[in-house]
Structures are given as C-alpha cells and as structure tokens.
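Commentary on secondary and tertiary structure
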Amino acid sequence: MLSRPVLITAAGITSCLLFLYTVSRTGHIPGTVDPPILGALTDSPKHVLVIGAAGFIGFHLTRALLDKPHARVFGVDNFDKWSDLKLKQDRAHELYEYGVALEDGDICDLEYLTDLFIRENFTHVVHLAGRSGVRGQDLDAAAIMKNNVECFVTLLEVVKNYKNIKLVYASSASVYGSSSPLPFSPSHPVIQPDTIEGLAKRTAELLAQGYCKEFGVQQVGLRFFTVYGPWGREDSALNTFTQQLLEGEVLQVFHTREGRPLERDFLYVEDAVRGVLSALDLSPAHCGQVFNLASGQARSAVDVVALLEQQLNIQAQAVKVLAPPLEVVRMVGDVQCSLKQLGFRPKVSLHQGVQEFVQWALTYREQQNRSQKSKQASLAQKFRDSPSAYGLFCVPETSYI
C-alpha cells in the first residue's frame, strides 16, 4: 500500500511528455552525461587540409568546417576523370560560392605536396582521396593500388616531417572480407579482404601504423561503410536506382543464388562528417587505431528501393540479378568502440536520409535540365547570328539563264 497519495497533475503529464519528446528527438536522457560528440575540443584553432575536397564526403566535411569558428579549411582535389567529374565540378563550384580555397592538385606529386605544406601552416590533414573499383575485367588494379597506396605513402613522407600535424585518413568497410564475423569490428585480429580495393585500404592502414611507430605520425583511420546522401556519387546504388526510377527503367537488384538480397550498413553523410570531426580532436591511444563509421544496422537493397518508391511515388520494375562472386552478402559495422572513444552516435534514420537525398536529387536533376536547355538555346542563337563561326557557310544561290 502506498504511504501517500499519488497525484497526476497536468503539469506532471506535461513534464513526462516533454521528457519523452526530448529522448525521441535527441537520443539523450536528461540528467545523464553522453560521451563527447562532434569534437569536444573544437575550440582549439585548426587549419585543416581536406584532400579530396570535391569528393562526396570531402565536400560535406569542408562545408561543416566552415561553420566552426576556430577552424580554417584548405581543399585539394585532382579532379580525376575516372570518377563523376561533372558532379565534382559542381561540388567545387558550391564550395567556391562558400569562399573555400580549393586547389587543383595531386597528392601523388611529392614536389607539389612538399610546397603546399611549406606554404600553409596546417594543424590537421583529412585524407579522403582514393579510388574504388568495379569488379571483373574492367577492374584497374594498378590504378587502385597507386591511388590508395603509393599516393598515400607520398602523403605520409611529407606529414612525417611535421610532428604537430594530426592525420585522419579514410579507410573502408571493404577491408572486411566474407570470413570476418558479424558485426564487423575493428578489434577483430584477423582481416582478410576479398577484393583489390579492400587489400589496398588494409595496406594503407598498415602503412599508417608503421609511420606512426617509426616516425611518430599522429594518425587515426576511419572505416566508412555505405555513406549516402545529397551530392552522392553517381555510381552509388541510391543514385542509380533513383535515376532508373525517374527514367522508367528496370532496376537490377543484386541477390545471392539462394534469392537473398545483399544487405549493407547505410550511413547518412552528415553522420559520417560528425565522425570525422570527432576524430580530428581525438588523441590516439595507440598507433593502429581505426574506427568504424557505420549505423550499426544492415538494410537490404530491396528496403532502399521501397523507400525510393515511396518518396518518388513511382512503382519500380525490378529484376533479381546474381551478385558478383566477391560481393559480401551482409555488411554491418560494430560501432561500440566509435561510441565510447569518438562519441559517435548516428542520428539520421534511413527513411529520413533517403527523403533528404530524393529532395536533393530532384532539385539537382531539374537544375541540370534547365542548364542543358539554356546551353542549347544559347548555341542556337549564336548559330543564327553567325553560322560561319561554326564551320557552316551560306552559299549564294546560282542563277541559271
């Protein structure tokens, strides 16, 4: 029996509702202390070099750094033609509009990189450049190894001369092979990549560890899982499916021989950027420190297509296609270590993230269509004004008597 009456007042109900609302929106329980998030030490002045600034994650990271009052950012990208060059150029234009110093440079060039570090007094370097690869006969293994290993060594050779610089570099979930236990954990001692890209990324991790031990290079590695969102790569599944839906094309969805769809750990790009920002302020506990940046949940391509159908209000025509032999069937990352040491806590659900992506994709598509029409109209007008300038000449009619 209760020793005193319990009164449920309107104020009490309101307090409970506010408590539940706060927890649902922020993931934080009032009265408790969360791990440090989003760079707890961001008040310290920074001059950050972002390598691959016109790339997908680099673009979003650069914009985020602009909002930090004590941070300056300098971007470098080589605008390699193997990737979606037009999209890169459009990202670069956006950064230019924000006032970012973005330089067309190649970190594979030791002379260029050495001069850059002399010119700029960097405190941090975020290395997001690299090259992924398709499967099968079109795989350019030599280019993958050059971009992910040789060029990374060039960067390490320069950074080792600056003891005050912190290096944060991008690795990939591709380092985990089909033999890795689920969920994929950076603490797992045996990693056997199945692909050339995974092998290159793992090699880069070991090189970073070696330069840390030999030369004292401060470094942290980040294994990105399937990062998606606005301004995402054209060859990503999300972008490909969206364009195919809008064009009324048939979607090809990878499945296993048993008919099971592949599953991936999707991470919204803003959450990925939060992880990078936190890594910038981390003091590494040891030389081999790497973290997973993932949502911690696996979702299938079928789930993604269903969300796209809902957002676009288009019924998909999809067929099952046998996945390439080296595709890992299910990928999901263990983020406990990232939570404890980086305070990394993904906030954006797949539903919300797909919604944000679709809104951007439709806007970007419309802008590209208007731009194309404008160029065609301008070209037509120039032709009418001066056809000879385009190699076409007006030949006077000949009169025959």
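Each residue is numbered by its place in its chain's sequence as written, counting from 1. Restriction of local features to residues with pLDDT of at least 70 applies here, the model being predicted, together with a cutoff of 80 or more for giving and counting side-chain atom pairs; totals for whole chains, interfaces and linings are based on all residues. Processing note: side-chain calculations cover all non-hydrogen atoms of the structure and skip hydrogens and water entirely.

**A short note on the side chain of Asn148**
What counts as a helix is a DSSP run of H or I of at least four residues, what counts as a strand is a run of E of at least two, and both are numbered from the N terminus. The topology assignment puts Asn148 in helix H5 (residues 141–159). Here the term buried applies to any residue with accessible area under 20% of the maximum for its type, exposed to any over 50%, and partly exposed to those in between, with areas from a 1.4 Å probe on protein chains only. Since its relative accessible area comes to 5%, Asn148 is described here as buried. Polar contacts, as used here, are pairs of N or O atoms within 3.5 Å; protein pairs need one atom able to donate a hydrogen and one able to accept it. Residues neighboring in sequence count only if both atoms are side-chain atoms. Within polar-contact distance, the side chain of Asn148 engages the backbone oxygen of Arg131 at 2.7 Å. A distance of 3.2 Å separates a polar atom in the side chain of Asn148 from a polar atom in the side chain of Lys201. The criterion used for residue contact is that any of the two residues' heavy atoms lie within 4.5 Å. With near-sequence residues (within four places) excluded, Asn148 lies in contact with Gly130, Arg131, Ala200, Lys201 and Ala204.

**Quick notes on the confidence of the model for the protein chain**
This prediction gives the protein chain a mean pLDDT of 85; 80% of its residues lie at or above 70. Every residue is assigned a pLDDT by the predictor, reflecting its confidence on a scale from 0 to 100. Note that pLDDT drops below 50 for residues 1–41; the model gives that stretch 32 contacts with residues more than four away or on any other chain. Segment residues 390–401 is flagged for pLDDT under 50; beyond a separation of four residues in sequence, or across chains, it makes seven contacts in the model.

**Quick look at the packing of aromatic side chains**
Two rings belonging to Phe, Tyr or Trp (six-membered ring only in the last case) form a pair when the distance between their centres is within 6.5 Å. Interplanar angles under 30 degrees mark stacking, angles over 60 mark edge-to-face geometry, and anything in between is tilted. All chains considered together, the criterion is met by 14 aromatic pairs. With a centroid separation of 5.5 Å and 45 degrees between ring planes, the pair formed by Trp231 and Trp360 is classed as tilted. In this pair, Trp231 sits in the loop between strand S7 (226–228) and helix H7 (237–247) while Trp360 sits in helix H11 (residues 350–385), placing the two residues 129 residues apart along the sequence. An aromatic cluster is built from Phe59, Trp231, Phe357, Trp360 and Tyr364, whose rings are joined through pairwise contacts. Remark: a charge is flagged as sitting over a ring if the NZ atom of Lys or the CZ atom of Arg is within 6 Å of the ring centre and within 35 degrees of the ring normal. The side chain of Lys160 reaches across the aromatic face of Phe215, ending 4.4 Å from its centre.

**Some points on the sheet that holds strand S4 (residues 124–127)**
If you walk across this open sheet you meet the seven strands as S3-S2-S1-S4-S5-S6-S11, and the pairing is parallel. Two strands lie at the open edges of the sheet, namely strand S3 (101–104) and strand S11 (290–293), each paired on one side alone. Geometrically, the sheet is characterised by an average inter-axis angle of 20 degrees between neighbouring strands, direction not taken into account. Strands were regarded as paired on the criterion that DSSP finds at least two bridges between them. Two elements, strand S2 (residues 71–77) and S3, share four bridges in a ladder whose sense is parallel. Bridging from a neighbouring strand, Gly75 pairs with Leu102 of S3. Angles run from 0 to 180 degrees between N-to-C directions of axes, and those axes are lines fitted to C-alpha atoms, restricted for helices to the stretch in contact.

**Looking at unusual backbone geometry**
The omega torsion of the bond from Leu182 to Pro183 falls at -10 degrees, within 30 degrees of zero and hence cis. With respect to the helices and strands, Pro183 occurs in the loop between strand S5 (166–172) and helix H6 (196–215). Phi is positive for Trp231, close to 70 degrees, though the residue is something other than glycine. Not every positive phi belongs to a glycine, and Asn313 is a case in point at roughly 55 degrees. Assignment of secondary structure puts Asn313 in the loop between helix H9 (301–312) and strand S13 (317–322).

**Some details on H5**
Here, expected helix span is obtained from the residue count minus one, scaled by 1.5 Å. The end-to-end C-alpha separation of H5 is 26 Å, in line with the 27 Å expected for 19 residues at 1.5 Å each. Note that bend, as reported per residue, equals the angle between axes fitted to the 7 residues terminating at that residue and the 7 residues originating from it. Helix geometry: H5 is bent most strongly at Asn147, by close to 30 degrees. Restricting attention to buried positions, one finds in H5 the residues Ala143, Ile144, Asn147, Asn148, Val149, Cys151, Phe152, Thr154, Leu155, Leu156, Val158 and Val159.

**Re the packing of helix H2 (residues 56–66) against helix H3 (residues 85–97)**
Packing of H2 against H3 leaves a shortest axis separation of 10 Å and a crossing angle of 5 degrees. The angle between H2 and H3 falls in the class roughly parallel. When H2 is examined against H3, the residues Phe56, Phe59, Thr62 and Arg63 are found in contact with a partner set consisting of Arg91, Glu94 and Leu95. For this scheme, ten residues count as nonpolar: Ala, Val, Leu, Ile, Met, Phe, Trp, Tyr, Cys and Pro. Four count as charged, namely Asp, Glu, Lys and Arg, and the remainder, Gly too, count as polar. For the contact of H2 with H3, a count of residues per class yields three nonpolar, one polar and three charged. Note on angle classes: values under 35 degrees are labelled roughly parallel, values over 145 roughly antiparallel, values of 65 to 115 roughly perpendicular, and the remainder oblique.

**Thoughts on a negative patch on the surface**
Side chains of Asp104, Asp106, Asp109 and Glu111 sit close together on the surface and give a patch of like negative charge. By secondary structure assignment, the location of Asp104 is in strand S3. A residue is classified by how much of its surface remains accessible, and Asp104, at 57% relative accessible area, is exposed. Patches here are clusters of residues that have more than 30% relative accessible area and form no salt bridge, with a 9 Å joining cutoff for like charges and a 5 Å cutoff for nonpolar side chains (Val, Leu, Ile, Met, Phe, Trp, Tyr). All accessibility values rest on the Shrake-Rupley procedure with a 1.4 Å probe; residue burial counts only the protein chains present in the view. Whenever Lys or Arg places a side-chain nitrogen within 4 Å of a carboxyl oxygen from Asp or Glu, that contact is recorded as a salt bridge. Positive residues here are Lys and Arg, negative ones are Asp and Glu, while His and the chain termini are left out of the count. Charge positions come from single atoms, namely NZ of Lys, CZ of Arg, CG of Asp or CD of Glu.

**Here's the deal with H9**
Given a rise of 1.5 Å per residue, twelve residues ought to cover 16 Å, and the 16 Å separating the end C-alpha atoms of H9 matches this to within 8%. Among the residues of H9, Ala301, Val304, Val305, Leu307, Leu308, Glu309 and Leu312 are the ones counted as buried. Asn313, located one to two residues past H9, shows a positive phi value of around 55 degrees.

**Overview of the state of the cysteines**
Throughout, disulfides are identified as pairs of cysteine sulfur atoms within 2.5 Å of each other. Under the criterion given, the structure shown has two disulfides. Covalently, Cys108 is tied to Cys151 through a disulfide, its sulfur atoms 1.7 Å apart. Here the disulfide of Cys108 and Cys151 is right-handed, its torsion about the S-S bond being about 90 degrees. You can see Cys108 sitting in the loop between S3 and helix H4 (110–119) and its partner Cys151 sitting in helix H5, a full 43 residues away along the chain. Here Cys212 engages in a disulfide with Cys287; their sulfurs sit 2.0 Å apart. Across the S-S bond of Cys212 and Cys287 the torsion is about -70 degrees, and the bridge reads as left-handed. Of this pair, Cys212 sits in helix H6 while Cys287 sits in the loop between helix H8 (269–280) and S11; the two residues are 75 residues apart in sequence, bridging distant segments of the chain.

**As for the environment of Gln244**
One can find Gln244 in helix H7. Sequence-wise, Gln244 and Gln317 are 73 residues apart; in three dimensions their C-alpha atoms are separated by 9.4 Å. Among all residues touching Gln244, those that are not within four sequence positions of it are Glu249, Val250, Leu251 and Gln252.

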